[in-house]
Amino acid sequence: MSDFKNLYRHSYHYLLGQIGIFVVGFISFPVFTRVFTVEEYGILSLVLSTVGIIVVVAKLGLQHSVQRYFPEYANSKDPSDRRRYYSTMLWSSAAVALVITLLYFLGVWSFPDRWVSSPLKKLLMMTAVLVFIRSVSSIVMNLWRAEAKTKAYSFVSVAIRGGTVAGIIVLLFTWERTLRAFVVGTIAVELLIMSLVLWRLHGKRLFAFKMPQTDVFKVAIAFGLPMVGYEISCLILDQGDRYLVSYFLGTKSLGYYSAAYNVCTYIQQAIAVPLNLAMIPIYMNLWVTKGKEETRSFLSRSLNHYLLVAIGLVAGVMVTGRDALVFLSSKKFEEAYHLLPTLVAGLLVYSLGIYLNAGLLIHKKTYTMMKLVFSSFLLNMAINVVLIPRIGLQGAAIATLISYVVLVAMMGWHSHALIPLSFDWAACSKYVAAATVAAFAAWNVNLQVPLANLAVKGSIFVALYFGILFLTYRQFRHLARKGFEVFFDRTTEPAASLKPARPVKPWVQEIKVVESSER
């Protein structure tokens, strides 16, 4: 298959996983926003944001090294190289994560009560277990991404999210309706599922304790370490405003902001996560096997496809955002609906980094990436400090949008010298025009019931947006036809009898060679 067929087929598998996660969120989000008060929901957001920051430190950027260097080890003539790579990445990441986890636990334990209340301190100490679990699981999941095991990745992702929500709900309604039950349920399910995954990998003999290599680890850490600063800056850029909202406006306002942000995150992840998961292994392999021009062409075309969907999503949220928020989180969060268009626009602009980061990643410019995101983080904090006290929550949303626009502009400037991407302005103008017409038509519908309003307005907008483009834009008709072929037309694939023979268990021969050399 062509690289684009690989991209969209793999993205389709990841999208199915994201749909599963979205369905779980569709069930859990209304439950949690109704069980917890607005203040408790704000505190939960702070706790999870803190865990996310510590997990970034505990991973030391090794998950990025997995993606960058896996093609080189996978294409090695020595069949034992892949197994050594697995072993090095898994065991070294576990050792690093254990050290960071212990330091995090001791750090929280030593906080004076005047800084952090005793209940919140106990909650944070419990989350230390999550830091270790998520750090190790990140390496496993990225190894699967690198090998294009898209179905396994998606299945485990949905299992973790679904199992976690089920466990939390059981504890909330059978034990106690507190944030402690939320944390305990999360730990129990994530630990169980990742233990089963590691046990299965061990049974396939994909890693061994005696096989980690110091030279492999040194290369991986040299590439990944600057990404720690990059990831922390990204995370604080994404979630740091919540600390400032809590400081200036209180936890109730933080609850409103978190609910609106979470809805927008679901929307953004539905498009960005599948593309990102599928994209990096493909363009890394393209760079190694076909060179710069093929990689540039691939990234440019997929960028314009992304804009088609992103522009439609922003306009669609403007039309349906209020009904979606009320339906998902109850009437008590309705006040936050005006934040949705600004936030979703900022998040979708940020997702352009999937394409603009490609040149920086390929050329190992991780330090440059870190500087750019850190600069945007500082800008975001400064704008928040100025705007939140003056215009409230909308100030935090505006700060998010501005800082993401600046970040993407800087990324584009630095990346253009490495891999210059082409941007189809004519196509983009057509997307905007179609979205404007569709949004105007759907805006006037009002059925008074949030779910009915959401369904009818959303259906009208989607039908008009894509219908207008199909009737007026030849390239869109071509793209739609190709998309249909990728997912439904099997005649383009070679017959089964003509496909090259493939062993049922591709690791068996490699393991035998390794065992023979070890003897």
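Peer 1: Lay out the overall build of the protein in plain terms, naming residues and giving numbers.
Peer 2: Helix and strand counts for the protein come out as 20 helices and zero strands. Scored against the burial criterion, the 519 residues of the protein give a buried share of 52%. Look at the contacts in the protein between residues 6 or more apart in sequence, and 82% of them connect residues 24 or more apart.

Peer 1: An account of empty space enclosed by the protein is needed here, citing residue identities and associated values.
Peer 2: Here the structure, examined in full by the defined rule, presents two cavities of 30 Å³ or more. As a volume, the second largest cavity reaches approximately 40 Å³. What lines the second largest cavity is simply Q18, I21, F22, Y266, Q269 and A270. When contributions to the lining of the second largest cavity are tallied by element, the ones reaching two or more residues are α1 (3-35) and α10 (251-289). In terms of residue class, the lining of the second largest cavity is built from four nonpolar, two polar and no charged.

Peer 1: So, the pattern of salt bridges: which residues are in play, and what are the values?
Peer 2: Tallied over the entire structure, the rule returns five salt bridges. One salt bridge connects R180 with E176, and the closest N-O pair in it is separated by 2.8 Å. We classify E176 as buried; its relative accessible area is 17%. In this structure, K457 engages D323 in a salt bridge whose closest nitrogen and oxygen atoms are separated by 4.0 Å. Within this pair, whereas K457 is found in helix α18 (residues 450-472), its partner D323 is found in helix α11 (residues 292-329), the two being separated by 134 residues in sequence. By relative accessible area, K457 is classed as buried at 9%. The class for D323 is buried, based on a relative accessible area of 11%.

Peer 1: Account for the side chain of T342, naming residues and giving values.
Peer 2: Of note, T342 is situated in helix α12 (residues 340-350). For T342, a relative accessible area of 18% gives the class buried. The residues contacting T342, other than those within four sequence positions of it, are Q394, A397, I398 and L401.

Peer 1: Before we move on, could you go through the packing of aromatic side chains and cite the residues and values that matter?
Peer 2: Two numbers describe a pair of aromatic rings. These are the distance of the centres and the angle of the planes. Per the stated rule, a full pass over the model turns up 14 aromatic pairs. Aromatic pair Y350 and Y404: ring centres 4.6 Å apart, planes at 25°, arrangement stacked. Remark: Y404 occurs in helix α16 (residues 393-416) and Y350 occurs in helix α12; sequence separation between them is 54 residues. Summarising the aromatic geometry, the rings of Y465 and F466 are spaced 5.1 Å apart at their centres and angled 65° between planes, so their arrangement reads as edge-to-face. Among the residues examined, Y465 registers a relative accessible area of 1% and is labelled buried. By relative accessible area, F466 is classed as partly exposed at 32%. Ring pairing ties together the aromatic residues F461, Y465, F466 and F476, which thus form one cluster. If you follow R242 out to its NZ or CZ, it ends over the ring of Y261, 4.7 Å from the centre. Looking at K457, its charged tip hangs above the ring of W443, at a distance of 5.9 Å from the centre.

Peer 1: Lay out α12 in plain terms, naming residues and giving numbers.
Peer 2: For α12, the buried fraction is high: eight of the 11 residues fall into the buried class. For α12, every residue scored as buried is listed here: L340, T342, L343, V344, A345, G346, L347 and L348. Elements that come into contact with the buried residues of α12 comprise α9 (214-249), α10, α11 and α16.

Peer 1: Residue-level account of the nonpolar core, with values.
Peer 2: Core analysis: the largest hydrophobic core is formed by 149 residues, its most contacted members being Y283, Y306, Y431 and Y465. Element by element, the count of residues in this core is highest for α10, at 20 residues. Leave out the neighbours within four places in its chain, and Y306 touches I271, L275, L348, S351, L352 and Y355.

Peer 1: Break down helix α7 (residues 150-174) for me, with residues and values.
Peer 2: With 25 residues, α7 extends 36 Å from end C-alpha to end C-alpha; this agrees with the ideal 36 Å at 1.5 Å per step. By the burial criterion, the buried members of α7 are T150, Y153, S154, V156, S157, I160, T164, V165, G167, I168 and L172.

Peer 1: Just give me the short version of the side chain of T320, but keep the residues and values in it.
Peer 2: Looking at the secondary structure, you find T320 in helix α11. Residue classification places T320 among the buried residues on the basis of a relative accessible area of 13%. Reaching out from T320, the side chain makes a polar contact with the backbone oxygen of G316 at a distance of 2.8 Å. Setting aside its immediate chain neighbours within four residues, T320 contacts L454, K457 and G458.

The rules we used
Numbering of residues starts from 1 in each chain and follows the order in which that chain's sequence is written. Since the coordinates come from a predicted model, pLDDT governs what is reported: local features require at least 70, and pairs of side-chain atoms require 80 or more to be given and counted, while whole-chain, interface and lining totals use all residues. To get the side-chain values, take all heavy atoms of the structure and skip hydrogens and water. A run of H or I in DSSP becomes a helix once it reaches four residues, and a run of E becomes a strand once it reaches two; helices and strands are each numbered from the N terminus. Using a 1.4 Å probe on the protein chains alone, a residue whose accessible area is under 20% of its type maximum counts as buried, one over 50% counts as exposed, and one in between counts as partly exposed. Contact criterion: two residues are considered in contact whenever any of their non-hydrogen atoms come within 4.5 Å of each other. In the cavity and pocket records, a cavity denotes points on a 1 Å grid over the protein atoms alone where a 1.4 Å probe fits but cannot get out, a pocket denotes an open set with protein on both sides within 12 Å along at least 5 of 7 lines, and lining residues are residues with an atom within 4 Å of a point. Grid points are joined across faces, edges and corners, and a volume is the space filled by probe spheres set on the points. Each residue is assigned to one class: nonpolar for Ala, Val, Leu, Ile, Met, Phe, Trp, Tyr, Cys and Pro, charged for Asp, Glu, Lys and Arg, and polar for all the others, Gly among them. Salt-bridge detection follows one rule: a side-chain nitrogen of Lys or Arg within 4 Å of a carboxyl oxygen of Asp or Glu. Stacked, edge-to-face and tilted labels apply to pairs of Phe, Tyr and Trp rings (six-membered ring for Trp) whose centres lie within 6.5 Å, assigned for plane angles under 30 degrees, over 60, and everything in between, in that order. Only when the NZ of Lys or the CZ of Arg is both within 6 Å of the ring centre and within 35 degrees of the ring normal is a charge said to sit over the ring. In this text, buried Ala, Val, Leu, Ile, Met, Phe, Trp, Tyr and Cys residues form a nonpolar core when linked through side-chain atoms within 4.5 Å. The span expected for a helix works out to 1.5 Å for each residue beyond the first. Each polar contact in these results corresponds to two N or O atoms within 3.5 Å; when the atoms are within protein, one needs to be able to donate a hydrogen and the other to accept it, and residues that are neighboring in sequence are counted only if both atoms are side-chain atoms.

What is shown is where atoms sit, not what they do.
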